Structure formats: C-alpha cells, structure tokens
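What follows is the residue order along each chain.
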Amino acid sequence: MNALEKQVEDWVHESVKKRIEFNAQEAVAFLESLGLLQRHASASDGTETLSVLHLNAALRNLPVSLQMLTAPRQEEADIIEGYDKDYYDEKEEKYRETEKTRKRFGWF
C-alpha cells in the first residue's frame, strides 16, 4: 500500500499544494465498511488486489449524506435544539441547584 499512499500524497500536493500523510489502510477500511470496495487474494502468488463497484451500484450503496456517518446527532431537528454541540453552557452552580430540586421532587 506504500505505493498507493505515495501516489495519493503526490496527487494532493500537485492539486492543492499541501503536504498530507495519507493512510491507505484507513481509507480501504472505510470504503469496505460502505460496501464500495472488496479485497481479492491471489492463491498463486499471495498478492492482494482491490476492486470497487461500478459507479451506478456505488451510488445506490452510499448513504443519503456523509453526515449520516460522522454526525452524532440523530435528526435534523437536533440542530435547532442545539444537540449538535459537543459542549453545553451549563454552569456548575446551576447544575447543583437543579440536582437538589430533582432529589427533592424527582424527575417530574
């Protein structure tokens, strides 16, 4: 895979003038998880080849948006509610006050 990694790194450098470190193993694993790539081992010489689906078949296998793979939120309404944040503006004092109330009255 070193040859593939070098080719990708050189292509990115030529295209956008930035140096990157490309990890082919991660890319192959990601494409396999989407069902877009398959490994084929050769019995005669022990080499491994990779193949991908035809473009039309690949498009049918892809999720509607890549956000579905990376975003922790479940629905589009979560953006409006603020559930897409990785942190919350709740202060420790307010948290302790709310916790006292919950202990006294329960969750209702």
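About the criteria used
- Residues numbered from 1 in each chain as written.
- Predicted model: local features only at pLDDT ≥ 70, side-chain atom pairs only at ≥ 80, totals over all residues.
- Heavy atoms only, no water.
- Helix = DSSP H or I, 4+ residues; strand = E, 2+ residues; numbered from the N terminus.
- Buried < 20%, exposed > 50% of the residue type's maximum accessible area, 1.4 Å probe, protein only.
- Areas by Shrake-Rupley, 256 points an atom, 1.4 Å probe, with all protein chains shown as cover.
- Expected span 1.5 Å × (residues − 1).
- Pairing = 2+ DSSP bridges.
- Salt bridge = Lys/Arg side-chain N within 4 Å of Asp/Glu carboxyl O.
- Patch = residues over 30% accessible without salt bridge, like charges linked within 9 Å, V, L, I, M, F, W, Y side chains within 5 Å.
- Lys, Arg positive; Asp, Glu negative; His and termini not counted.
- Polar contact = N/O pair within 3.5 Å; in protein donor to acceptor, adjacent residues only side chain to side chain.
- Contact = heavy atoms within 4.5 Å.

A. Here's a closer look at the overall build of the protein chain. The helix and strand tally for the protein chain stands at six helices and two strands. Within the protein chain, the proportion of its 108 residues that are buried is 10%. Looking at the protein chain as shown, the accessible area adds up to about 9,800 Å², and 54% of this sits on carbon and sulfur atoms.

B. Expanded view of helix 1 (residues 2-16). Its 15 residues place the ends of helix 1 21 Å apart at the C-alpha level, agreeing with the 21 Å of an ideal helix rising 1.5 Å per residue. Lys 17 occupies a position one or two residues after helix 1 and carries a positive phi of about 60 degrees.

C. A look at the pairing of strand 2 (residues 48-52). Summarising the sheet, strand 1 (residues 37-41) and strand 2 pair through five bridges and their orientation is antiparallel. Considered in strand 2, the bridge of Ala 41 is made with Glu 48. Here strand 1 hands over to strand 2 after six residues, with Gly 46 in that stretch at a positive phi of 75 degrees.

D. Seen up close, the pattern of salt bridges. Applying the stated criterion across every chain, the model contains four salt bridges. Salt-bridge contacts for Asp 10 lead to Arg 19; the nearest nitrogen and oxygen are separated by 3.9 Å. Arg 39 is paired through a salt bridge with Glu 48; the nearest N and O atoms lie 3.2 Å apart.

E. Inspection of a nonpolar patch on the surface at higher detail. A grouping of Leu 55, Leu 59 and Leu 62 is seen on the molecular surface, where their side chains present a nonpolar patch of about 290 Å² in accessible area. Position of Leu 59 relative to the elements: it lies in helix 3 (residues 55-61). With relative accessibility at 53%, the residue Leu 59 sits in the exposed group.

F. Summary view of the side chain of Glu 5. Tracing the backbone shows Glu 5 in helix 1. Here Glu 5 is buried and forms no salt bridge, its nearest opposite-charge partner Arg 39 lying at an N-O distance of 10 Å. Looking at Glu 5, its side chain comes within polar contact range of the main-chain nitrogen of Ala 24, at 3.0 Å. Residues contacting Glu 5, with those up to four places away along its chain left out, are Phe 22, Asn 23, Ala 24 and Gln 25.

G. Broad picture of unusual backbone geometry. Positive phi, normally seen in glycine, also occurs at Lys 17, with a value near 60 degrees. Structurally, Lys 17 can be placed in the loop between helix 1 and helix 2 (24-33).

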